[in-house]
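Letter by letter, the chains look like this.
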Amino acid sequence: MKKENRKMAQELRAKERAAADRRKRTQKIVITVLVLAAVAVVTVGIILTSTSIGKKSSASSESVASASASSAGTAAGTSASSGASSSSEKTLDTTEGTVVEAGDTINLDYVGSVDGVEFEGGSTQGQGADLTLGSGTYIDGFEEAVEGHKVGENFDINVTFPENYGNSDLAGKDAVFNITINGVYK
């Protein structure tokens, strides 16, 4: 009888261990699904926010690029592909020292900060963004502050986000953008 009790106890413990393993696997799956769902919700929120922030009421023929490019340009108030339709048929001239002027389509990198802290969506993350100077697609003062600088130059500009800016964390705030002009389309 002892042998049977011992065997039954071993079988019971084996079943309990198997049940505990199933619970652990189920918990891991649930946690993974919740994390993925949260990431998806945040990503959709960023995409929706980035496509609506800074849009001006005037109709524009410029296309909106991928969501990641759009996110990078939103801090300055536009999609990162501004002017891409006109620059796609041209080549990027990276000759250092070339002065950029109103009407030029340029490629630039920037990192924006408010009170010395970089903010989400305020950087091209080294991917570059096309911008037609004078198009009015970035926040007031941004494009004008870039005009007259040179390809290869790294400099800071100071701008103020509009009071009615779509992101309330940035509305009315003074910002500094560190800019590098990568080239001008010819």
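Now for a description of the structure that goes with this document.

1. Some thoughts on the overall build of the protein
In terms of helices and strands, the protein carries four helices and six strands. Mapped from its N terminus to its C terminus, the protein presents α and β elements in the order α-α-α-β-β-β-β-α-β-β. By the burial criterion, 33% of the 186 residues in the protein qualify as buried. Of the contacts made within the protein by residues no fewer than 6 positions apart, 62% connect residues no fewer than 24 positions apart. By element, 54% of the accessible surface of the protein is carried by carbon and sulfur atoms, the whole surface being about 11,400 Å².

2. A short note on the packing of aromatic side chains
Taken as a whole and judged by the stated rule, the model has nine aromatic pairs. Arranged with centres 5.7 Å apart and planes meeting at 75°, the rings of Tyr-110 and Phe-177 form a pair that is edge-to-face. Here Tyr-110, found in strand S2 (residues 105-114), pairs with Phe-177, found in strand S6 (residues 174-185); they are 67 residues apart in sequence, far enough to count as distant. Looking at Tyr-110, the relative accessible area reads 1%, which means it is buried. Of the residues examined, Phe-177 reaches a relative accessible area of 0% and is grouped as buried. Taking 6.4 Å as the distance between ring centres and 55° as the angle between the ring planes, the aromatic pair formed by Phe-161 and Phe-177 counts as tilted. Taken as a pair, Phe-161 in the loop between strand S5 (154-160) and S6 and Phe-177 in strand S6 lie far apart in primary sequence, 16 residues in all. Phe-177 carries the same exposure label as Phe-161, and that label is buried. By the ring-pair criterion, three or more aromatic residues cluster together here, those being Tyr-110, Phe-119, Tyr-138, Phe-142, Phe-161, Tyr-165 and Phe-177.

3. Details of the nonpolar core
One finds Phe-142, Val-146, Phe-177 and Ile-179 to be the most contacted residues of the largest nonpolar core, which totals 26 residues. At the level of elements, S2, strand S4 (129-132), helix H4 (142-146), S5 and S6 are the ones that each hand at least two residues to this core. Sort the elements by how many residues they give to this core and S6 lands first, with five residues.

4. Let's talk about the side chain of Glu-143
Here Glu-143 shows up in helix H4. Among the polar contacts listed, one links the side chain of Glu-143 to the backbone nitrogen of Thr-137, at a separation of 2.9 Å. In terms of polar contacts, Glu-143 uses its side chain to reach the backbone amide nitrogen of Tyr-138, at 3.0 Å. Look past the residues within four positions of Glu-143 in its chain and what remains in contact with it is Leu-131, Thr-132, Leu-133, Gly-134, Ser-135, Gly-136, Thr-137 and Tyr-138.

5. Remarks on the environment of Ile-157
Positionally, Ile-157 belongs in strand S5. By relative accessible area, which is 4% here, Ile-157 ends up buried. Sequence spacing of Ile-157 and Val-176 is 19 residues, and the spatial spacing of their C-alpha atoms is 5.7 Å. Excluding its chain neighbours within four sequence positions, the residues that come into contact with Ile-157 are Phe-142, Ala-145, Ala-175, Val-176, Phe-177 and Ile-179.

6. Here's the deal with the pairing of S5
Only one face of S5 is buried: it carries Phe-155, Ile-157 and Val-159, and the other face, with Asn-154, Asp-156, Asn-158 and Thr-160, is open. Bridge analysis of S5 against S6 gives seven bridges, and the strand direction is antiparallel. The residue of S6 that forms the bridge with Asn-158 is Val-176.

Thresholds, definitions, all that
Residues numbered from 1 in each chain as written. Predicted model: local features only at pLDDT ≥ 70, side-chain atom pairs only at ≥ 80, totals over all residues. Heavy atoms only, no water. Helix = DSSP H or I, 4+ residues; strand = E, 2+ residues; numbered from the N terminus. Buried < 20%, exposed > 50% of the residue type's maximum accessible area, 1.4 Å probe, protein only. Contact = heavy atoms within 4.5 Å. Areas by Shrake-Rupley, 256 points an atom, 1.4 Å probe, with all protein chains shown as cover. Phe/Tyr/Trp six-rings, centres within 6.5 Å; stacked < 30°, edge-to-face > 60°. Core = buried A, V, L, I, M, F, W, Y, C linked by side-chain atoms within 4.5 Å. Polar contact = N/O pair within 3.5 Å; in protein donor to acceptor, adjacent residues only side chain to side chain. Pairing = 2+ DSSP bridges.

Structural measurements only, silent on function.
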